[in-house]
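# Residue-level structural notes
Listed below, chain by chain, are the residues.
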Amino acid sequence: MPSPRRIEGYAIVSEDGMLADAAGVMPESLKFDADKRFFERGLDGVDVVVHGRHSNELQPHSPLRRRLILTRRIPAIAADRSNDKALYWNPAGAAFEEALAAIGAPDAIVGVIGGTEVFGMFLDRYDVFYLSRAPNVRLPGGRPVFPGVPARTPEAVMSAHGLEPAEREALDAAKGVTLVSWRRP
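Residues numbered from 1 in each chain as written. Predicted model: local features only at pLDDT ≥ 70, side-chain atom pairs only at ≥ 80, totals over all residues. Heavy atoms only, no water.

## Some remarks on the pairing of strand β8 (residues 128-133)
Walk down a regular strand and you will see the side chains alternate between the two sheet faces. Our working definition: The classification of residues rests on relative accessible area computed with a 1.4 Å probe and restricted to protein chains. Under 20% of the type maximum is buried, over 50% is exposed, and intermediate values are partly exposed. Secondary structure counts use DSSP, requiring at least four H or I residues in a row for a helix and at least two E residues in a row for a strand, with both numbered from the N terminus. Between any two strands, at least two bridges found by DSSP are needed for them to pair.
Within β8, six of the six residues are buried, which leaves it mostly tucked inside the rest of the structure. Residue alternation in β8 divides its side chains into two sets, V128, Y130 and S132 and F129, L131 and R133, and both sets are buried. As paired elements, β8 and strand β11 (residues 177-183) share six bridges and run antiparallel to each other. What sits directly across from L131, in β11, is V180.

## Description of the packing of aromatic side chains
The condition that has to hold: Aromatic rings from Phe, Tyr and Trp, taking only the six-membered ring of Trp, are treated as a pair when their centres fall within 6.5 Å; an angle between ring planes under 30 degrees marks them as stacked, one over 60 as edge-to-face, and anything in between as tilted.
For the structure shown, the criterion picks out eleven aromatic pairs. Residues F119 and F129 carry aromatic rings whose centres are separated by 5.3 Å and whose planes lie at 70 degrees to one another, so their mutual orientation is edge-to-face. Of this pair, F119 sits in helix α3 (residues 116-121) while F129 sits in strand β8, and the two are ten residues apart along the sequence. Its relative accessible area of 0% is what places F129 among the buried residues. With 6.3 Å between their ring centres and 50 degrees between their planes, F122 and Y126 make a pair best called tilted.

## Observations regarding the nonpolar core
We count it as follows: Throughout this description, the term nonpolar core refers to a set of buried Ala, Val, Leu, Ile, Met, Phe, Trp, Tyr and Cys residues connected via side-chain atoms within 4.5 Å. Residue contacts follow a heavy-atom distance rule, with two residues in contact if any of their heavy atoms lie within 4.5 Å.
Counting residues in each nonpolar core, the largest one holds 56 residues, and the members touching the most others are V50, L68 and F129. The biggest single contributor to this core is strand β1 (residues 6-13), with five residues. V50 has contacts with L68, L70, F96, V110, G111, V112, I113, G114, V118 and F122, leaving out every residue within four places of it along the chain.

## Brief notes about the pattern of salt bridges
The condition that has to hold: Salt bridges are counted wherever a side-chain nitrogen of Lys or Arg sits within 4 Å of a carboxyl oxygen of Asp or Glu.
Inspection of the entire model under this criterion finds nine salt bridges. Here E40 ties to K36 by a salt bridge, and the two come within 3.8 Å at their closest N and O atoms. Highlighted residues: E40 and K36, both in helix α1 (residues 33-44), separated by four residues, approximately one helical turn. Since its relative accessible area comes to 43%, K36 is described here as partly exposed. Among the ionic pairs, E97 bridges to R125, the shortest N-O distance being 2.6 Å. Of this pair, E97 sits in helix α2 (residues 96-102) while R125 sits in the loop between α3 and β8; the two residues are 28 residues apart in sequence, bridging distant segments of the chain. We classify E97 as buried; its relative accessible area is 15%. A relative accessible area of 32% places R125 in the partly exposed class.

Given below as structure tokens:
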């Protein structure tokens, strides 16, 4: 069975490595126009978006994107009756490659957008993970970007899985928002 051509991850996190608050909501303090533009451009370049049931991406082109929505509520793969471009996928019942084939994109460029468990599933498979950092934002008790955070930083988790920091850019220098592209050598 073919493998995906490329797997990319996209997240913005607080200083303590959280992508949402304790209620699982992305607070306004983590939302920056420059990061939103980067995220939208990135997802415009993928074939399939992968996320959990509680994650989403409400961008102008969202309805056009094929997506796999991870859930434990089904045995393997099932249609999303509310979206003909989406499938529900239970990784315990079907391999990732099976899910990509079922959605019609076996050799896709994949964009993973969260949450914690979903990001964690792909740590050994990412070709690149785009990690944006929001300065001066802390979300104690929030939802971490990866399993193991905050005991370890997101950067330490990615390093432990073979990713290396590459390009670094200031997405919004005035607000201190940075982006580091973590790549597999």
